[in-house]
Amino acid sequence: PTTSRKTRLRKASSVQVPLGVMRSFWSLALTSLFASAQTAPYPSKPVRIVVPFPAGGSADSMTRVVGQFLAKRWGQSVLVDNRPGGGTVIAGALVAKAPADGYTLIIIANSLTINAKLRATMPYDGLKAFDGVAQLVQSPQVIAVNSASPYKTLGELIQAAKANPGTLSYSTVGPATTQHIAGESFKRITGTDFTYAAFTGGALAANAVMGNHVTMVLTNLNEVAPMLESGKLRPLAVTTRERLDALKQVPTAMELGIKDYEAVAWFAVATPAGTPKDVTQKIADDLQAALNDPEVRQKLNTAGLYPSYMGPEALSSHIQNEYQRYSKIIDEARIKLE
């Protein structure tokens, strides 16, 4: 009996598994491993956020504040990759060809829709290359004059501009920027003819007003806040729909009778087009959580940025509306990239 049992064991161990069965086994195993990888919770590796603006600016500061929150929430590194240049096109081209898996994000702003209108040739489609995830903040703009200016109110400034066409001037960063287009929109709505003076930054545009070289400046609040606080500039109006906590005494342009005039810079997060909806929504939800965090909000407010969340669908509609709005202003003012 013992010998017979050993024989049976030898025969069992020498059984040959058909090649087709082995192939099926390994195919099933690999498929299971792949499926497991595909369903791994997002994110399962570091996430990169490409910022099309220089380090130290508003967009960079915002991204680092929010990125720190996400890194803690996700348990993954969040890398901030500054790629300025080309009017944000360099960064856009990089992200447009990245894998649509949620691991490469990009900060978008008003420039996305402006470029789509003004730049005839780009290495990507400005309105189709990205999926909007969430708007994060708005950066309000302010209209200000030299503290020694004879114009105490926006109404007085507009009246003087109408009485002396082309003799008064305004400065912004530009040309073909959010602020420049806001200035041209202001001219058309108010029926004035300010001469445009372009500068390479909002602070330089404000310096020109403080030096009495330009009549007024229209720029982001965070760029001129120190000059307003020191009394070197006099704010006449803000360009938001509601008054700002930081400048409660300053009326909005709409309060002063400039109907439907709103001009704000906005910053949002986007992914390469085709990113899975569940991943996009996951990122959007976590970004909303970041904006609801008191510490994050305080840091953003300190940088002159106001949390203003929009989810994927609302952001998509916003981008289309902004494109239509900017296109109308650009066509009417005949703005072109030099």
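Refer to the structure above for everything that follows.
Here the structure is a predicted model, which is why all the values come from computation and not from measurement. (Residues numbered from 1 in each chain as written. Predicted model: local features only at pLDDT ≥ 70, side-chain atom pairs only at ≥ 80, totals over all residues. Heavy atoms only, no water.)

Asks: Now, about empty space enclosed by the protein: what can you tell me, with residues and values included?
Replies: Tallying each qualifying case throughout the model produces three cavities of 30 Å³ or more. Considering only enclosed or pocket space, the largest cavity measures out at about 100 Å³ in volume. At the level of secondary structure, the elements contributing two or more residues to the lining of the largest cavity comprise strand E3 (104–109) and helix H5 (110–118). When residues of the lining of the largest cavity are assigned to their parent elements, the largest contribution, four residues, is made by E3. (1 Å grid on protein atoms, 1.4 Å probe; cavity = no way out; pocket = protein on both sides within 12 Å on 5 of 7 lines; lining within 4 Å. Points joined across faces, edges and corners; volume = space filled by probe spheres on them. Helix = DSSP H or I, 4+ residues; strand = E, 2+ residues; numbered from the N terminus.)

Asks: For the packing of aromatic side chains, give the residues involved together with the corresponding values.
Replies: Evaluation of the coordinates by the stated rule reveals seven aromatic pairs. Measuring from ring centre to ring centre gives 5.1 Å for Tyr42 and Tyr103, while their planes differ by 55°; the resulting arrangement is tilted. Of the two residues, Tyr42 sits in the loop between helix H2 (19–38) and strand E1 (47–51) while Tyr103 sits in the loop between helix H4 (89–96) and E3, which places them 61 residues apart along the sequence. What makes Tyr42 buried here is its relative accessible area of 15%. Looking at Tyr103, the relative accessible area reads 13%, which means it is buried. Ring geometry for Tyr124 and Phe130: centres 5.6 Å apart, planes at 65°, overall edge-to-face. Assigned by exposure class, Tyr124 and Phe130 land together as buried. Three or more aromatic residues joined by ring pairs form one cluster here, namely Tyr42, Trp74 and Tyr103. Lys45 extends its terminal NZ or CZ atom over the ring of Tyr103, reaching a point 4.7 Å from the ring centre. (Phe/Tyr/Trp six-rings, centres within 6.5 Å; stacked < 30°, edge-to-face > 60°. Buried < 20%, exposed > 50% of the residue type's maximum accessible area, 1.4 Å probe, protein only. Lys NZ or Arg CZ within 6 Å of the ring centre and 35° of its normal.)

Asks: Tell me about the pairing of E3, residues and numbers included.
Replies: Counting buried positions over the six residues of E3 gives six, a clear majority of the element. Because side chains alternate across E3, one face comprises the buried residues Thr104, Ile106 and Ile108, and the other comprises Leu105, Ile107 and Ala109, equally buried. Summarising the sheet, E1 and E3 pair through three bridges and their orientation is parallel. Looking at E3, one finds that Val50 is bridged to Ile106. (Pairing = 2+ DSSP bridges.)

Asks: Give a detailed account of the pattern of salt bridges, specifying residues and quantitative values.
Replies: Applying the stated rule across the entire model yields 14 salt bridges. Where Arg241 meets Glu262, a salt bridge forms, and the shortest distance between an N and an O atom there is 3.0 Å. Of this pair, Arg241 sits in the loop between strand E8 (233–238) and strand E9 (264–272) while Glu262 sits in the loop between E8 and E9; the two residues are 21 residues apart in sequence, bridging distant segments of the chain. The class of Glu262 is partly exposed, set by a relative accessible area of 25%. Two residues, Lys328 and Glu332, come together in a salt bridge whose shortest N-O distance is 2.7 Å. Of the two residues, Lys328 and Glu332 both sit in helix H12 (residues 312–333), four residues apart, roughly one turn of that helix. Since its relative accessible area comes to 52%, Lys328 is described here as exposed. Note on Glu332: relative accessible area 34%, which makes it partly exposed. One network of salt bridges, in which partners are shared, links Arg48, Asp81 and Arg83. (Salt bridge = Lys/Arg side-chain N within 4 Å of Asp/Glu carboxyl O.)

Asks: So what's going on with the nonpolar core? Residues and values would help.
Replies: In terms of nonpolar packing, the biggest core is built from 32 residues, with Met62, Ile107, Leu136, Phe267, Leu287 and Leu300 touching the most fellow members. Look past the residues within four positions of Ile107 in its chain and what remains in contact with it is Ile49, Val50, Val51, Pro52, Ala59, Met62, Thr63, Phe267, Ala268 and Val269. Ranked by size, the runner-up nonpolar core spans 21 residues in total, among them Ala161, Leu168, Tyr170 and Ala253. (Core = buried A, V, L, I, M, F, W, Y, C linked by side-chain atoms within 4.5 Å. Contact = heavy atoms within 4.5 Å.)

Asks: Help me get a handle on helix H6 (residues 154–163), residues and values and all.
Replies: Taken together, the buried positions of H6 are Leu154, Leu157, Ile158, Ala160 and Ala161. Projection of H6 onto a plane perpendicular to its axis shows the buried side chains occupying an angular sector of 160°, all on one side. Among the exposed residues of H6, those pointing more than 90 degrees away from its buried face are Gln159 and Ala163. Buried positions along H6 lie against strand E4 (130–146), helix H7 (178–190), strand E7 (216–220) and E8. (Arc of directions from axis to C-beta.)

Asks: How would you explain unusual backbone geometry if you had to name every residue and give the values?
Replies: Phi is mostly negative for residues that are not glycine, and the peptide bonds are mostly trans. In this structure, Pro43 follows Tyr42 across a cis peptide bond, with omega equal to -5°. Within the secondary structure layout, Pro43 lies in the loop between H2 and E1. Along the chain, Gly174 connects to Pro175 via a cis peptide bond; the corresponding omega equals 0°. With respect to the helices, strands and loops of the structure, Pro175 is situated in the loop between strand E5 (169–173) and H7. Positive phi values are uncommon outside glycine, yet Asp260 reaches one of about 60°. Within the secondary structure, Asp260 sits in the loop between E8 and E9.

Nothing here speaks to function; it is geometry throughout.
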